[in-house]
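Each chain is listed here by its residues.
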Amino acid sequence: EVQLVESGGGLVQPGGSLRLSCAASGFTFSSYAMSWVRQAPGKGLEWVSVINNDGAVTSYADTVKGRFTISRDNAKNTMYLQMNSLKPEDTAVYYCAAGDGVNYSDYEYWGQGTQVTVSS
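About the criteria used
- Residues numbered from 1 in each chain as written.
- Predicted model: local features only at pLDDT ≥ 70, side-chain atom pairs only at ≥ 80, totals over all residues.
- Heavy atoms only, no water.
- Helix = DSSP H or I, 4+ residues; strand = E, 2+ residues; numbered from the N terminus.
- Buried < 20%, exposed > 50% of the residue type's maximum accessible area, 1.4 Å probe, protein only.
- Contact = heavy atoms within 4.5 Å.
- Phe/Tyr/Trp six-rings, centres within 6.5 Å; stacked < 30°, edge-to-face > 60°.
- Salt bridge = Lys/Arg side-chain N within 4 Å of Asp/Glu carboxyl O.
- Core = buried A, V, L, I, M, F, W, Y, C linked by side-chain atoms within 4.5 Å.
- Pairing = 2+ DSSP bridges.
- Axes fitted to C-alpha atoms, helices over the stretch in contact; angles between N-to-C directions.

Draft legend 1. Layout of the side chain of S49. Considering the arrangement of structural elements, one finds S49 in strand β5 (residues 45-51). Here S49 falls in the buried class, since its relative accessible area comes to 0%. Residues within four places of S49 in sequence aside, it is in contact with M34, S35, W36, S59, Y60 and I70.

If you want it as structure tokens, here you go:
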């Protein structure tokens, strides 16, 4: 079965760092662009970052640019999101998804999400 399993979320102080992981299985991970999408409490989905299939091209939402870094290791079928200088407004459930673009309904696979809470 297809699985995307996020890990690494938790509670962190403002200004702190977290590294999220997304472990993929059941599909050809290296053939897919991958995205991180988040949902803050009471808000809609917000695209965070995308990485192409071989990791050569990345893009970020303006809200996280310069603070977050997306990467992937296709040999391990794993994608990462390094989050530095975290702010309270980064608090959200972070989802790993197979796909890109503005239409989330076109994303083929989604993980269950991992909670990130930034608070003092």
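Draft legend 2. Local environment of the packing of aromatic side chains. On inspection of all chains with the given rule, the structure shows eight aromatic pairs. Both rings, one in F27 and one in Y109, keep their centres 4.7 Å apart while their planes meet at 40 degrees; by these two values the pair is tilted. Remark: Y109 occurs in strand β10 (residues 109-110) and F27 occurs in the loop between β3 (18-25) and β4 (34-39); sequence separation between them is 82 residues. Look at F27 and you get buried, because its relative accessible area is 12%.

Draft legend 3. Broad picture of the pattern of salt bridges. Scanning all chains against the criterion turns up four salt bridges. For R67, the salt bridge identified is with D90, shortest N-O distance 2.7 Å. Linking R67 in the loop between β6 (58-60) and β7 (68-73) with D90 in the loop between β8 (78-83) and β9 (92-98), this pair joins segments that are 23 residues apart in sequence. In this structure, R67 and D90 share a single accessibility class: buried.

Draft legend 4. Region of the structure containing the nonpolar core. Among the nonpolar cores identified, the biggest contains 28 residues, and M34, W36, F68, M79, L81, M83 and Y94 are the most heavily contacted of them. Among the secondary structure elements, those contributing two or more residues to this core are β3, β4, β5, β7, β8, β9 and β11 (114-118). Excluding residues that lie within four positions of it along the chain, M83 makes contacts with G16, S17, L18, L20, R67, F68, Y94 and V116.

Draft legend 5. Geometry of the sheet that holds β8. Strand order in this open sheet of four strands is β1-β3-β8-β7, and the pairing throughout is antiparallel. Both edges of this open sheet fall to β1 (3-7) and β7, since each of them pairs with a single strand only. For this sheet, the mean inter-axis angle between neighbouring strands, taken without regard to orientation, is 15 degrees. The sheet contact formed by β7 and β8 spans six bridges and is antiparallel. Counterpart to D73 in the pairing with β8 is T78.

None of this, on its own, says anything about what the molecule does.
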